[in-house]
Amino acid sequence: MTIEPVVKVGDLLTLIGFLVIGLGIIWTMKGELKMLSRDVQSQGLKIDKLEQIVTTQAVQNERMNMFDRRLDDMAHGRGFVIHREFRSAAESILDGK
């Protein structure tokens, strides 16, 4: 068995075809990676905005809970103090006198 150092035109065309297809695949993947990178950045911004909304909602919920506790305390007579001078006037107003 002997090795012939002959290069045929068909072999060169096949090699060039493989190179062109490989470069095309690389170029397509590069474009897809750029789009993927842009999409990931967009999702990151959306997650940051969602985090801000959830934090704001949690703070608002805590404020509402505190307000409910204060309202309950006032309903039970705790936390609402009338100065002595105005106590009799307030009582007469509340009693309807």
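Look up a bit, the structure's there.
Since the structure is predicted, the reported quantities are computational estimates derived from the model, not experimental observations.

A. The arrangement of the overall build of the protein in detail. Scanning the protein from N- to C-terminus turns up 2 helices and 0 strands. Residue burial in the protein is summarised as follows: out of 97 residues, 1% are buried. Counting only carbon and sulfur atoms, one obtains 65% of the accessible surface of the protein, whose full area is about 9,700 Å².

B. Here's a closer look at the pattern of salt bridges. Counted by the stated rule, this structure contains 1 salt bridge. Between Arg69 and Glu62 there is a salt bridge, with its nearest N and O atoms 3.5 Å apart. Glu62 gets classed as partly exposed once you look at its relative accessible area, which sits at 40%.

The rules we used
Residues numbered from 1 in each chain as written. Predicted model: local features only at pLDDT ≥ 70, side-chain atom pairs only at ≥ 80, totals over all residues. Heavy atoms only, no water. Helix = DSSP H or I, 4+ residues; strand = E, 2+ residues; numbered from the N terminus. Buried < 20%, exposed > 50% of the residue type's maximum accessible area, 1.4 Å probe, protein only. Areas by Shrake-Rupley, 256 points an atom, 1.4 Å probe, with all protein chains shown as cover. Salt bridge = Lys/Arg side-chain N within 4 Å of Asp/Glu carboxyl O.

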